[in-house]
Amino acid sequence: MSDELKIDIRVCDAYGYCAELLPEIVDLDEWGYPIVAGEITPDLLAAARAAVAACPRVALRIEPSRRLTVIR
Amino acid sequence: MSAIVSASGARVHSRLLHRDVDPTYRSHLDRHGELPFASDELLLELEASGLTGRGGAAFPTATKLHAVARHRRTEVIANGTEGEPASSKDAVLLARNPQLVLDGLVLAAELVGARRATIAVSRNAEALERAIAERPRRQRPAVALIEDSFVAGEESALVNAVHGGAAKPTGRRPFESGILVQNVETLAHLALVARYGAAWFRSAGTTDEPGTVLATVSGAVRMPGVVEIEPGTTLRELVARCGGPSEPLQAVLVGGYFGSWLPADPGLVLSNTALRRLGASLGARVVVALPRTACGLAETARIAAYMAEQSAGQCGPCVFGLPALAQELARQSPSVNRIEQLGAQIARRGACAHPDGTLGMVQSALRTFDAELRMHAQGRCSAR
């Protein structure tokens with residue numbers, strides 16, 4: 001079950017902490033602004049939470065996956 | 001209001017822009033009669049009419065009204081700010097037929113149960129206030145004077161500004177919060193549908209794009225200005241309405257600074273259906289005619305620099321990407337690879353459509369002015 005990393009690009013100031021903490025899915029454009037290139041797989045969740053907490057502009061949030069969970 | 005036939009055989013409509021040189025409330029009533037009541041029937045007529053937004057996005061008006069009316073607390077804002085420099089249709093409409101716009105605004109407010117109706121403009125507020133003062137007391141919207149900037153006319157930016165905040169986009173759609181924003185031309189058409197019905201409205205235009213539209217024509221034409229046309233008009237007819245070309249034409253920018261450069265083919269059909277096949281759209285019907293003696297790349301660079309300067313300044317990819325785009329275009333020999341690289345970092349990365357619109361215009365320039373690009377690579381230019 002994968003979650004999405006959402007960025008409010010209006011408040012982002014290109015500190016780049018998210019790209020450092022979550023290099024698996026966050027790239028930076030040539031001006032230092034984040035491009036999210038993947039989903040937050042379960043193994044990346046802890047790092048994603050760290051990135052959200054580390055952002056000085058509080059520009060990040062984790063959006064839960066909308067897919068239904070199959071209960072066995 | 002039947003159409004007259006011009007010398008070229010095309011029908012000339014004057015639904016919005018008639019010859020009345022004295023746009024008083026009295027003459028407005030003499031021409032159109034009293035304002036009808038807003039009713040569920042009117043909503044059905046609007047649906048049947050196929051009226052779509054005239055501000056550039058062409059969103060179905062009845063659909064938007066329905067979406068807004070669902071909210072308990074609603075508000076209506078008429079958008080007359082017209083921040084696009086190459087457009088003057090809204091200014092002309094407000095100067096020559098303000099009462100029709102105000103009728104439409106009052107009707108729209110009744111249809112969605114709004115308590116507040118505001119008309120937003122960036123200039124000539126006093127003339128508008130005078131027109132409003134002539135109306136019956138309960139049909140007087142408020143006027144909001146908004147700063148003149150390109151992004152101020154974006155719906156969410158406009159709502160923010162009218163409510164006292166900055167004229168910057170918020171990334172949210174106002175109609176999802178019960179706020180109806182409509183271009184002033186849309187409201188004028190609404191007021192006409194209320195009086196004359198859907199069938200009458202559809203007696204002009206095409207099946208997919210019914211009614212008339214206002215277009216602003218500038219550049220290398222003898223009589224630049226605002227004309228009322230039907231979707232489906234050809235470029236030849238449009239240019240003829242503007243006195244013909246002042247010199248041989250090379251290309252046209254269709255849709256304004258967010259629009260597309262296309263070769264100046266006289267047979268070019270000005271409808272969204274036809275333009276879509278060329279990767280373009282009518283937008284707010286801004287048409288700029290570029291003569292053969294001008295350099296399309298220089299014009300594009302100039303527009304891109306303006307758009308960069310007009311960024312709301314909220315989003316990095318726009319703040320940095322647009323100036324980089326403008327800079328590359330201003331070089332003697334712009335690199336298509338570099339522009340594509342910039343485009344990939346700009347597309348869909350802002351909170352509003354400003355960067356995407358600019359990028360689209362630039363990409364159309366690379367296609368239409370490819371010969372010019374090759375000339376520049378050899379150190380030559382059409383303008384020299």
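All figures in this text were calculated on a predicted structure; none of them were measured in a lab. (Residues numbered from 1 in each chain as written. Chains lettered and ligands numbered in written order. Predicted model: local features only at pLDDT ≥ 70, side-chain atom pairs only at ≥ 80, totals over all residues. Heavy atoms only, no water.)

What follows covers the overall build of chain A. A count of helices and strands for chain A gives two helices and four strands. Across its three principal axes, chain A shows a C-alpha extent of roughly 45 × 20 × 15 Å. Relative to its 72 residues, chain A shows a buried fraction of 33%. Here the analysis covers contacts within chain A between residues at least 6 apart in sequence; of these, 59% occur between residues at least 24 apart. Of the roughly 4,600 Å² that chain A leaves accessible, carbon and sulfur atoms contribute 52%. Computed over 8 positive and 12 negative side-chain charges, the separation of the two mean positions in chain A equals 10 Å. (Helix = DSSP H or I, 4+ residues; strand = E, 2+ residues; numbered from the N terminus. Buried < 20%, exposed > 50% of the residue type's maximum accessible area, 1.4 Å probe, protein only. Contact = heavy atoms within 4.5 Å. Areas by Shrake-Rupley, 256 points an atom, 1.4 Å probe, with all protein chains shown as cover. Lys, Arg positive; Asp, Glu negative; His and termini not counted. Charge placed at Lys NZ, Arg CZ, Asp CG, Glu CD.)

A separate point is the packing of helix α1 (residues 25-32) of chain B against helix α8 (residues 184-201) of chain B. When two helices pack together, you describe them by how their axes are tilted relative to each other and by the distance separating the axes. Residues and elements named next belong to chain B. Relative to each other, α1 and α8 sit at 25°, their axes nearing to 12 Å. As judged from the angle between their axes, α1 and α8 are roughly parallel. Along the contact surface, α1 presents His 28, Arg 31 and His 32, while α8 presents Leu 192, Arg 195 and Tyr 196. In the contact of α1 with α8, the residues fall into two nonpolar, two polar and two charged. (Axes fitted to C-alpha atoms, helices over the stretch in contact; angles between N-to-C directions. Parallel < 35°, antiparallel > 145°, perpendicular 65-115°, else oblique. Nonpolar A, V, L, I, M, F, W, Y, C, P; charged D, E, K, R; others polar.)

To continue, consider the sheet that holds strand β11 (residues 260-263) of chain B. Within a sheet, each strand pairs with its neighbour through backbone hydrogen bonds, oriented either parallel or antiparallel. Residue and element names in this part refer to chain B. With respect to topology, five strands assemble into an open sheet ordered β8-β7-β13-β10-β11, the strand pairing being mixed. Edge strands, defined here as strands with exactly one partner in the open sheet, are β8 (225-229) and β11. The sheet shows a mean angle of 30° between the axes of neighbouring strands, direction not considered. Contacts from helix α11 (residues 296-309) reach β10 (249-254), β11 and β13 (286-291) within the one sheet, and its direction differs from that of β11 by about 165°. (Pairing = 2+ DSSP bridges.)

This paragraph deals with the packing of aromatic side chains. Residues and elements named next belong to chain B. Applying the stated criterion to the full structure yields eight aromatic pairs over all chains. Taking 5.3 Å as the distance between ring centres and 50° as the angle between the ring planes, the aromatic pair formed by Tyr 196 and Trp 200 counts as tilted. With a gap of four residues between them, Tyr 196 and Trp 200 both fall in helix α8, about one helical turn apart. Judged by its relative accessible area of 17%, Trp 200 falls in the buried class. With a centroid separation of 5.5 Å and an interplanar angle of 80°, the aromatic rings of Tyr 257 and Tyr 306 are classed as edge-to-face. Residue Tyr 257 is found in the loop between β10 and β11, and its partner Tyr 306 is found in helix α11; the two are separated by 49 residues along the sequence. By relative accessible area, which is 9% here, Tyr 257 ends up buried. Here Tyr 306 falls in the partly exposed class, since its relative accessible area comes to 23%. Against the face of Trp 200 rests Arg 15, its NZ or CZ located 3.9 Å from the ring centre. (Phe/Tyr/Trp six-rings, centres within 6.5 Å; stacked < 30°, edge-to-face > 60°. Lys NZ or Arg CZ within 6 Å of the ring centre and 35° of its normal.)

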